[in-house]
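Summary of the model geometry
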Amino acid sequence: QVQLVESGGGLVQVGGSLRLSCAASGRTFASYGMGWFRQAPGKEREFVAAISWSIITNYADSVKDRFTISRDNTKNTVYLQMNSLKPEDTAVYYCAVDRVPWRDRSQVPDFGSWGQGTQVTVSS
């Protein structure tokens, strides 16, 4: 039902920064947790970061000290600020939305709808 559109990907040098955006449809955006995932060629899609409706964040160990997820409910948009980029960050990045609104912080989100993805390439 929900439509997600990622943008902001591109080519950057090692150590550089990039900010991804995910625009979501729907008037109930603020009630859902959002997440970022990525997939490199030949690999499975992996979790990157998530942010709940109450602005609680979680990160994969590989990015927790370098990436920051945030959201602007007035714009129905989720962001992923990526700093100190490494070649291993190269992947297609996807935005996703939780299936359940107002989820309690003790519960693990179950992401459903996905965007089309945006390519991030980190060159050395």
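All chains use their own residue numbering, which begins from 1 and follows the written sequence. Restriction of local features to residues with pLDDT of at least 70 applies here, the model being predicted, together with a cutoff of 80 or more for giving and counting side-chain atom pairs; totals for whole chains, interfaces and linings are based on all residues. With hydrogens and water set aside, each side-chain value is computed from the structure's full complement of heavy atoms.

**Topic: the side chain of Asp98**
Numbering goes from the N terminus for both helices and strands, where a helix is a DSSP run of H or I of at least four residues and a strand is a run of E of at least two. Within the fold, Asp98 resides in strand 9 (residues 91–101). The rule is simple: take the accessible area with a 1.4 Å probe, protein chains only, and divide by the maximum for that residue type; under 20% is buried, over 50% is exposed, in between is partly exposed. For Asp98, a relative accessible area of 4% corresponds to the buried category. For the purposes of these results, a polar contact is taken to be a pair of N or O atoms within 3.5 Å, where, inside protein, one atom must be able to donate a hydrogen and its partner to accept one; residues adjacent in sequence count only when each atom of the pair is a side-chain atom. In terms of polar contacts, Asp98 uses its side chain to reach the backbone amide nitrogen of Asp110, at 3.0 Å. Residues are treated as being in contact if the distance between any of their heavy atoms lies within 4.5 Å. If sequence neighbours within four positions are ignored, Asp98 has contacts with Tyr32, Gly33, Arg103, Pro109, Asp110 and Phe111.

**Overview of unusual backbone geometry**
In terms of backbone geometry, most residues other than glycine have negative phi values and most peptide bonds are trans. Here the phi dihedral of Ser84 falls at roughly 50°; this positive angle occurs in a residue that is not glycine. Mapped onto the secondary structure, Ser84 falls in the loop between strand 8 (77–82) and strand 9. You will see that Trp102, though not glycine, has its phi angle at about 50°, which is positive. Tracing the backbone through its elements, the reader meets Trp102 in the loop between strand 9 and strand 10 (111–114). Looking at Trp102, the relative accessible area reads 53%, which means it is exposed.

**Focus on the pattern of salt bridges**
Here, a salt bridge means any Lys or Arg side-chain nitrogen found within 4 Å of an Asp or Glu carboxyl oxygen. The full count for this structure, using the stated rule, is six salt bridges. Arg38 is the salt-bridge partner of Asp89, the closest N and O atoms lying 2.9 Å from each other. With Asp89 in the loop between strand 8 and strand 9 and Arg38 in strand 4 (residues 32–39), this pair connects stretches of sequence that are 51 residues apart. Like Arg38, Asp89 is buried. Each of Arg38, Glu46, Arg66 and Asp89 takes part in a single network of salt bridges with overlapping partners.

**Let's talk about the state of the cysteines**
Linking two cysteines covalently through their sulfur atoms gives a disulfide. In this description, the term disulfide denotes a pair of cysteine sulfurs within 2.5 Å. With the rule as written, the count across this model stands at one disulfide. Between the sulfur atoms of Cys22 and its disulfide partner Cys95 the distance amounts to 2.1 Å. Taking the sign of the torsion about the S-S bond as the criterion, the disulfide between Cys22 and Cys95, at about -80°, is left-handed. Remark: Cys95 occurs in strand 9 and Cys22 occurs in strand 3 (residues 18–24); sequence separation between them is 73 residues.

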